[in-house]
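Descriptive structure summary
What follows is each chain in one-letter form.
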Amino acid sequence: MKGRRWLLPCFRQLNKKITLLMIGILATLVIGTTVVLAHYAQVVSKLPPFQIDPTLPDQIVLNAEQGLGQCHWVDPEIVSLPYVNWAYDASTRVSGWCSIEPQSGVYYWGAIDADIEKARKLGKRLWLQVLTTEGMTPQWAVEAGVQLVGSRGGTPVPWNETYQRLLRRVVHAMAARYDGNPTVEAIVMMAGGCYGEMTICNAKQDEAAWLAAGYTDARFVEAVKQIIDIYLEEEYVWEDGSRTHGFLKTPVVLQLGTGLYGWEAARKPVVDYAMEKYGMRVWLKFNGLGGQGKVDEIYAAYNATTRVGYEPAPSVDFVNNPDYYIRLALDHHSSYLCLQDTFFNVTDAKWQEARELAARYLGAQIVFRGIEAPPTVSAGQEYVFATEWVNRGTVPLMRARRVGIRDIPVSYDIQIAFVHRPTNLPVFVHNFTPIVPTTQWYCAQPVRIEHSIRIPPSVPPGEYDLRIALVNIAQPEESGWYYYRLVNAELADGNGRYTVGSITVASEGTPFPTGMPTPTKTMTPIRTATPTPLPTATVARTMTPTPVRTPTSTSTATPTPSPTLWQTTIILQQGQNGYTGAEDTYMYRYEPGKNYCTDKMLKVGQKQQIATILRFDLSPIPANALVTNARLELYAFGWSGYDTTIEAFAILRDTKPCEATWNQAANGNL
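These notes cover the structure that comes with them. Since we're looking at a predicted model, the values are computed, not measured.

Here we come to helix α12 (residues 322-331). Buried within α12 are the following residues: Pro322, Tyr325, Ile326, Ala329 and Leu330. In a view along the axis of α12, the buried residues occupy a sector of 150 degrees, so they form one face of it. Residues of α12 that are buried sit in contact with β13 (282-289), β14 (308-312), α11 (316-320), β15 (336-339) and α14 (349-361). Looking one or two residues beyond α12, the residue adopting positive phi is His333, at roughly 60 degrees.

Now for the packing of aromatic side chains. One pass over the full model with this rule turns up 33 aromatic pairs. Centre to centre, the rings of Trp97 and Tyr163 are 6.3 Å apart; their planes meet at 65 degrees, and the pair counts as edge-to-face. Placement of Trp97 in helix α3 (residues 97-100) and of Tyr163 in helix α6 (residues 161-178) is noted, with a sequence separation of 66 residues between them. Residues Trp97 and Tyr163 agree in their burial class; the two are buried. Both rings, one in Trp210 and one in Tyr215, keep their centres 6.4 Å apart while their planes meet at 75 degrees; by these two values the pair is edge-to-face. Across this residue pair, the class does not change: Trp210 and Tyr215 are buried. Feature note: the residues Trp86, Tyr88, Trp127, Trp283 and Tyr336 constitute an aromatic cluster, connected by ring pairs. Positioned above the aromatic ring of Trp481, the side-chain terminus of Arg125 is 4.3 Å from the ring centre. Between the NZ or CZ atom of Arg168 and the centre of the ring of Tyr236, over which it lies, the distance is 4.0 Å.

Once that is clear, we can look at the side chain of Asp217. Looking at the secondary structure, you find Asp217 in helix α8 (residues 217-232). Put simply, Asp217 is tucked away with no salt bridge, and the nearest opposite charge, on Arg267, sits 12 Å away.

Moving on to the sheet that holds strand β6 (residues 125-129). Taking strand neighbours around the barrel as the criterion, the eight strands line up as β4-β5-β6-β9-β12-β13-β14-β15 in a closed arrangement whose pairing is parallel. For this sheet, the mean angle separating the axes of adjacent strands, direction not counted, is 30 degrees. Helix α4 (residues 110-122) contacts β6 and β9 (184-188) of the sheet and is inclined by roughly 160 degrees relative to β6. Sitting on the sheet, α8 touches β9, β12 (252-256) and β13, and the angle it makes with β12 is about 165 degrees.

Another point: unusual backbone geometry. Unusually for a residue other than glycine, Tyr195 sits at a positive phi of about 60 degrees. Mapping Tyr195 onto the fold places it in the loop between β9 and α7 (203-212). Classification of Tyr195 by relative accessible area gives partly exposed; the value is 38%. Located in the positive-phi region is Ala444, a residue other than glycine, with phi close to 60 degrees. With respect to the secondary-structure elements, Ala444 resides in the loop between β22 (425-432) and β23 (447-454).

Bringing the state of the cysteines into the picture now. Inspection of every chain in the model, using the stated rule, returns two disulfides. The residue that forms a disulfide with Cys71 is Cys338, at a sulfur-sulfur distance of 2.2 Å. Judged by the torsion about the S-S bond (105 degrees), the Cys71/Cys338 disulfide is right-handed. Of this pair, Cys71 sits in the loop between β4 (67-70) and α1 (76-79) while Cys338 sits in strand β15; the two residues are 267 residues apart in sequence, bridging distant segments of the chain. A single burial state applies to Cys71 and to Cys338, both of which are buried.

For the coordinates displayed, the defined rule picks out 24 salt bridges. Arg307 is the salt-bridge partner of Glu65, the closest N and O atoms lying 2.6 Å from each other. With Glu65 in the loop between β3 (36-38) and β4 and Arg307 in the loop between α10 (296-302) and β14, this pair connects stretches of sequence that are 242 residues apart. The closest approach of N and O atoms between Arg497 and Glu477, which form a salt bridge, is 3.7 Å. One end of the pair, Arg497, is in the loop between β25 (483-484) and β26 (498-506); the other, Glu477, is in the loop between β24 (462-471) and β25, and 20 residues separate them in sequence. Using a relative accessible area of 6% as the deciding quantity, one classes Arg497 as buried.

Packed helices, taken two at a time, are described by the angle between their axes plus the distance between the axes. For the pair α4 and α6, the least separation of the axes is 13 Å and the interaxial angle reads 40 degrees. With respect to α6, the element α4 is oriented oblique. Here the hand of the crossing between α4 and α6 comes out right-handed. Between α4 and α6, the residues in contact are Ile112, Asp113 and Ile116 and Met174, Arg177 and Tyr178, respectively. For the contact of α4 with α6, a count of residues per class yields four nonpolar, no polar and two charged.

Moving on: the layout of surface pockets. Of the voids in this model, the second largest pocket is the one considered here, and its volume is about 900 Å³. Together, 35 residues line the second largest pocket, and Tyr195, Glu197, Thr199, Asn287 and Ala313 are the ones closest to its centre. If you tally residues by element for the lining of the second largest pocket, the top one is β13, at three residues. The residue makeup of the lining of the second largest pocket, split by class, is 17 nonpolar, 14 polar and four charged.

Quick look at empty space enclosed by the protein now. Counted as a void, the second largest cavity has a volume near 50 Å³. As for the second largest cavity, its lining consists of Val74, Asp89, Val94, Ser95, Ile112, Asp115, Leu126, Trp127, Leu128 and Gln129. Contributing elements (two or more residues each) for the lining of the second largest cavity: α2 (92-95), α4 and β6. Examining the composition of the lining of the second largest cavity, we find that four residues originate from one element, β6, more than from any other. Grouping the amino acids of the lining of the second largest cavity by side-chain chemistry returns six nonpolar, two polar and two charged.

The subject of this paragraph is the environment of Ala358. Relative to the helices and strands, Ala358 is located in helix α14. The sequence separation of Ala358 and Cys338 amounts to 20 residues, and the corresponding C-alpha distance is 9.7 Å. Apart from residues lying up to four places away in sequence, Ala358 is in contact with Leu68, Ile326 and Leu337.

Once that is clear, we can look at the nonpolar core. Core analysis: the largest hydrophobic core is formed by 93 residues, its most contacted members being Ile228, Tyr231, Leu254, Val282 and Leu284. Top contributing element to this core by residue count: α6, with nine residues. Not counting residues within four places of it along the chain, the set of residues in contact with Val282 comprises Ile228, Leu232, Val252, Leu254, Ala274, Met275 and Thr306. Core analysis: the next-biggest nonpolar cluster, separate from the first, contains 35 residues, Ile366, Phe368, Leu397 and Tyr498 among them.

Procedures and definitions
- Residues numbered from 1 in each chain as written.
- Predicted model: local features only at pLDDT ≥ 70, side-chain atom pairs only at ≥ 80, totals over all residues.
- Heavy atoms only, no water.
- Buried < 20%, exposed > 50% of the residue type's maximum accessible area, 1.4 Å probe, protein only.
- Helix = DSSP H or I, 4+ residues; strand = E, 2+ residues; numbered from the N terminus.
- Arc of directions from axis to C-beta.
- Contact = heavy atoms within 4.5 Å.
- Phe/Tyr/Trp six-rings, centres within 6.5 Å; stacked < 30°, edge-to-face > 60°.
- Lys NZ or Arg CZ within 6 Å of the ring centre and 35° of its normal.
- Lys, Arg positive; Asp, Glu negative; His and termini not counted.
- Salt bridge = Lys/Arg side-chain N within 4 Å of Asp/Glu carboxyl O.
- Pairing = 2+ DSSP bridges.
- Axes fitted to C-alpha atoms, helices over the stretch in contact; angles between N-to-C directions.
- Disulfide = S-S within 2.5 Å.
- Parallel < 35°, antiparallel > 145°, perpendicular 65-115°, else oblique.
- Left-handed = near helix turned anticlockwise from the far one by under 90°.
- Nonpolar A, V, L, I, M, F, W, Y, C, P; charged D, E, K, R; others polar.
- 1 Å grid on protein atoms, 1.4 Å probe; cavity = no way out; pocket = protein on both sides within 12 Å on 5 of 7 lines; lining within 4 Å.
- Points joined across faces, edges and corners; volume = space filled by probe spheres on them.
- Core = buried A, V, L, I, M, F, W, Y, C linked by side-chain atoms within 4.5 Å.

In structure tokens, the structure reads:
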């Protein structure tokens, strides 16, 4: 059956799972006390403890959005080190506002372009910023009305309207030039205070000046929120009608700090705002490893939601105990860490081990452990295989998917390819999202994934390399962000895939038994110190051979074999495997003409004055499918505190969620 099904109330973009036995649909919805439904999955707030498994390989591999970086400038000698992944510049010459915009509306990008070229040639990533503090505000901006406060050259008052207007102009100019540049990994924000952090320079010395400028924690918090919006807004209309935008593709880094009075008063509300509104578009960095202050709770809440990391504070204890503090960052599930050149220039063995420890374990570090697959398969028949993986790193493997203006973490796909060795060209490529998604591949916990596919009749017979990969399907294949680099560097084919065996494809109709294959040789036998239960995702498959027609020279009637049924699971989740068929909205009785399809929340209840609509396009379900089970998974974001029964109904009339209101089902359809 093809078509669409409507549910009321319902939920957007989560795990909507439909289990079927080839043929119709029966949908059930079970909800407890939900009154407000969030659009996004609430990620596990606490990851399993980080642990180092000495049996796993120790190669250092560099992937985007993680690893060890160099702070404060781009030194090619440091950035070229095999364990350094990225760098950012904080010098006046390259990143100072006074250098980037020496005259109002006149920009000089030459120094930044030169740094980008350095990083590109080295195959590394770069973070950019425009520094406005510590004497880097141009004099013309001060004369235009930007108010500076405090010592160290002065910090612009973040709630000053002139400052926000001019900051928006230069940040949007930077976005127009660099947003989406493959070498530019992130943008460091000017988050309201000294060094661009959420903190006030010399708080005790400058307290009187800040109070005279109108400082309160609440005012500071609101200003930082406004600055975050400046960096990420999709469009701003200027007085003359021109339009600009912030960074729509490249994430920004919020440097955590304390404001003037205390840790949580100024920090937590800003972090919660950024994460709720923008998700993975905002990364978190605390510039205090080895110094005062802790971010344990914030990192525990968000290290599976976005990238979190550290920059060290200048302390003797950090210099003397790098192993302790690097391990602390790993235990907090940091994705990245940056060090000033001082810490790269220390040559003793303790520091060398600490730097390599950080590079080896920060972020997701995926080890391929082996494959079980049949050595032969016939075109047109089912191909069943199992792969095993383990993540030795600090965080699960996740990529960003845009939902509205927010990026949420979703799984990488597994890719399997049959590659013609002489030409290095694939004759068959299949991507699939593992049922144990990579967002649940936790540190030192092996994962086994079983999967079944049908080899197209168009695959030519022959012997091929069997190659696998982890891929970010949201990125173009030619980009440096599509393939994820595995720890198994010795298996790499140089094009993003990893050779794990061979496969012989016979012509269509050649009988080969289906079912679980005889294991091929495991390409990477890795000892595990203690057997660990494996999360296993099993796809049911045909247990009898596919009938093969045999040509006959007579016209004797032959009984037609009954079709073989097999059970499988289809997941209808927005953005997964290319699915884009989910829509939703809610309707409010006392705003009868308003549509809420772009709102952050889905709401139901309030004495039956708010109702929600959800639409699924069911065309991915085969026309002859028999659905034996269907489940809709919902996440409660908030509720009124007492049990509430919520019912679901099918909507039989033509309705469009992004046009539906309390007064109409769709435009022109009351």
